[in-house]
Amino acid sequence: MSEQHPPAGTPEYLEYGGGAPLPPGQTPPTEAGSGGGRGRRRAWWIGGGVVLLAGLGAGAWAALNFFQQGAQPAEALPSSTVGYLSIDLDPAGGQKIDAFRTLNKFPAFKDEVGVNSVDDIRRKVGDSILEGTHCTNLTYDHDIDPWLGERAAAAVVDVGADKPDFVIVVQVKDEGKARDAFTALNSCDTEEPAAGFVVHDGWAVLAQSQQVADEVSQATDQGTLADDATYQKWTKAVGDAGVVNAYASPAAGRVLAQQLSGLFEGTLIGAGESFTTSSTTTMTATGSGSAATGDDPFTKALSSFKGGAATLRFTGDGLEFALAADGSAGQLSEVTGNDGGALVQRLPDDTAAAAGLTFPKGWMDRQLGQMSSLFGHGMSQDDATRELSRETGFDVPADIETLLGSGVSISVGKDIDLEAAENGDSLSGLPIGVTVKGDPAAIERVLDKIRAKAGNDLGFLGSDSSGDLVAIGPTAAYRQHLLDGGNLGDDDTFRGVVPDAGDGSSVFYVNLDSLEPAITKAAAGDRQTLDNITPLRAMGMSTRNDGGTIKFSFKVTTN
């Protein structure tokens, strides 16, 4: 399995967490016994991988900002993979057709990117591999196209070294031609340290040195990421895979926690620290800077992280970014309940935009406690709340929790005049408002405190109530409209982008079709903006806690 090459020179180090080379001239913290220098030029193997995964040359997939058919890159990586980001140019379910059909509705994509097929994308990737090298005798058509497949991944892998290594795996159609190409790239690009590579079973593993490539390949023989139970759990939880897929193991949280621990405590990872693992669920950190010693809320949450996965998939009428991750950490306990989603569902049918949030009992007190632990022990939580109460004139946190109740929705009617809302001196008459689920009498007492403190400057804080709902806003008719409610949750456009709103702890929704008159007026003849907004129908977001798993969805539909 091992490919023999001249010994690698000074390795090029990669920025932790980002997967990209450090900028020229920038060096990371040194470790005991380490040299100071780093390569300054981009290696050919990193160049192709970064373009493939973070933009595809001109940004074909990155224009959207973030497997199950055929062999997948997870099969070519070991179970000790810490984090993983893949791209599949031939996904299941007709997504390839959906992708180009959706993207080409937008003039900006057609004009700036100009990608109409998978072959166009593969050419951009191949050209990026050759770009910046001294391989003038190599061409995409002759040296890259014959072997380059349609799937690839970038990964951070632990193989027992002081810290995990960055690698790229690429699907290959012809192993012999792939080996010839990698050998030629190493031979003619003499200003770069030789990249390590192993080509085996239809995949190429590319690394900063031959030793790393060999170690990753050998570790994969002992157990693949695709067969790892934790990987399978989270990729199943996120649902159908798409064109871009990501996975973070429990070890990823601990690696990042260790970096944050150093940030908050003013320390760096010590020379004696090391990472050891037997699977993606057993990586531990040792040494004086262990993440386990961090007592801020961020490192605590990351240290107990149990993994997660994400995907960007095309859905026939648009696209969705979906994420599923561990929600058992105390810092994520607020992502629970569904009052925010339920309040949005019952909004009037003519709602053009809305957001809903759920507030579990005691949430503000817990947030203050976490903030206190984050910023040190100079001021206790009780001291902080007393100071906030004195400065604001409110009873903190009780008044804030009372004012927001167990859930809040913010909504805008389709007849909104965006220009008037932006430029008018008063919001009176505009169809905007807030609906709160809580104790109406107690909420009114807090509103009275705000009104008294602000005088007549807050005329938009008019309010009406019905049952356990309070409607707040500048327009009496719209407040009553909110209290009467409706069936927004049954609307097809709404359901298309927020299908599980009733379970949502938080929900966001915009019906761009219904806002088209207002957007056209606000655009004031800006044809370029209008042409790129018109294809959009609606967008929606939801977050919910599904039995300890946090599920997030952001969907966009097109006309």
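Everything below is about the structure shown above.
All residue numbers refer to position in the chain's written sequence, counted from 1. Owing to the predicted nature of the model, reporting of local features is limited to residues with pLDDT of at least 70; listing and counting of side-chain atom pairs is limited to 80 or more, with chain, interface and lining totals taken over all residues. Processing note: side-chain calculations cover all non-hydrogen atoms of the structure and skip hydrogens and water entirely.

Enquirer: Would you mind going over the overall build of the chain with me for this structure?
Expert: What counts as a helix is a DSSP run of H or I of at least four residues, what counts as a strand is a run of E of at least two, and both are numbered from the N terminus. From N to C terminus, the chain includes 21 helices and 18 strands. Split into buried and exposed, the 559 residues of the chain put 48% on the buried side. When the accessible surface of the chain is split by element, carbon and sulfur atoms take 52% of a total near 25,000 Å². Relative accessible area decides the class of each residue, using a 1.4 Å probe on protein chains only: under 20% of the type maximum gives buried, over 50% gives exposed, and in between gives partly exposed. Shrake-Rupley sampling with a 1.4 Å probe provides the accessible areas, and residues are treated as covered by the protein chains on show and by no other component.

Enquirer: Before we go on, may I ask you to explain the nonpolar core in this structure?
Expert: Nonpolar side chains tend toward joint burial in soluble globular proteins. By nonpolar core is meant a set of buried Ala, Val, Leu, Ile, Met, Phe, Trp, Tyr and Cys residues that side-chain atoms within 4.5 Å join together. In terms of nonpolar packing, the biggest core is built from 37 residues, with Ile 144, Trp 147, Val 170, Phe 182, Leu 185 and Leu 206 touching the most fellow members. For this core, the element with the most residues is helix α5 (residues 118-130), which contributes 5 residues. Within the second largest apolar cluster, 25 residues are counted, among which are Val 216, Val 238, Ala 322 and Ala 324.

Enquirer: I would appreciate a short explanation of helix α17 (residues 440-454) in the present structure.
Expert: Owing to its 3.6 residues per turn, the α-helix brings residues three or four apart onto one side. Expected helix span is computed as 1.5 Å times (number of residues minus one). Relative to the 21 Å expected for 15 residues at 1.5 Å per residue, α17 spans 21 Å between its end C-alpha atoms, a close match to the ideal helical length. All buried positions along α17 are accounted for by Pro 440, Ala 442, Ile 443, Val 446, Leu 447 and Ile 450. End-on view of α17: buried residues confined to an arc of 165°, all on one side of the axis. Away from its buried face by more than 90 degrees, α17 exposes Arg 445 and Ala 452. Close packing links the buried residues of α17 with α15 (398-404), β13 (432-437), β14 (462-466) and β15 (469-473). Any pair of N or O atoms that falls within 3.5 Å is considered a polar contact. Within protein, one atom must be able to donate a hydrogen and the other to accept it, and sequence-neighbouring residues count only if both atoms are side-chain atoms. If you check the start of α17, you find a side-chain oxygen 3.2 Å away from the backbone N of Ala 441, and it comes from Asp 439. By construction, the arc corresponds to the directions joining the helix axis to the C-beta atoms. In this description, contact between two residues means that some pair of their heavy atoms is separated by no more than 4.5 Å.

Enquirer: Where do I start with the environment of Gly 438 in this structure?
Expert: For Gly 438, the position within the fold is in the loop between β13 and α17. Owing to a relative accessible area of 24%, Gly 438 belongs among the partly exposed residues under this scheme. Separated by 30 residues in sequence, Gly 438 and Asp 468 have C-alpha atoms that sit 5.4 Å apart. The residues contacting Gly 438, other than those within four sequence positions of it, are Gly 405, Ile 443 and Asp 468.

Enquirer: Could you clarify how one ought to interpret the pattern of salt bridges in this entry?
Expert: When their charged atoms lie close together, side chains carrying opposite charge are able to pair. Salt bridges are defined by distance alone: a side-chain nitrogen of Lys or Arg within 4 Å of a carboxyl oxygen of Asp or Glu. This model, assessed by the stated rule, comprises 15 salt bridges. Across the salt bridge formed by Asp 464 and Arg 479, the nearest N and O atoms sit 2.7 Å from each other. One end of the pair, Asp 464, is in strand β14; the other, Arg 479, is in helix α18 (residues 476-484), and 15 residues separate them in sequence. Of the charged contacts, one joins Asp 500 and Arg 544 as a salt bridge, the two residues approaching to 3.6 Å between their closest N and O atoms. A residue pair is termed long-range when its members are at least 10 positions apart, and Asp 500 in the loop between α19 (492-497) and β16 (506-511) and Arg 544 in strand β17 (residues 536-546) qualify at 44 residues.

Enquirer: Would you mind showing me how to read the state of the cysteines here?
Expert: What makes a disulfide is a covalent bond joining the sulfur atoms belonging to two cysteines. We call a pair of cysteine sulfur atoms a disulfide whenever their separation is within 2.5 Å. Taken as a whole and assessed by the stated rule, the structure comprises 1 disulfide. Cys 135 shares a disulfide with Cys 188; S-S distance 1.8 Å. Between Cys 135 and Cys 188 the disulfide shows an S-S torsion of about 85°. By sign, it is right-handed. Of this pair, Cys 135 sits in the loop between α5 and α6 (140-144) while Cys 188 sits in helix α7 (residues 175-188); the two residues are 53 residues apart in sequence, bridging distant segments of the chain.

Enquirer: Help me understand unusual backbone geometry in this model?
Expert: The residue after Val 396, namely Pro 397, is reached through a cis peptide bond having omega 10°. By secondary structure assignment, the location of Pro 397 is in the loop between α14 (381-392) and α15. A positive phi angle is found at Asp 201, which is not glycine, with a value near 55°. Among the secondary structure elements, Asp 201 is positioned in the loop between β4 (196-200) and β5 (203-207).

Enquirer: How should α18 be read in this particular structure?
Expert: Within α18, burial applies to Tyr 478, Arg 479, Leu 482 and Leu 483. All buried residues of α18 lie within an arc of 145° about the axis, which places them on one face of the element. Facing away from the buried side of α18 by more than 90 degrees, the exposed set consists of Ala 477 and Asp 484. On its buried side, α18 packs onto β12 (407-413), β13, β14 and β15. Phi turns positive one or two residues past the end of α18, at Gly 485, with a value near 75°.

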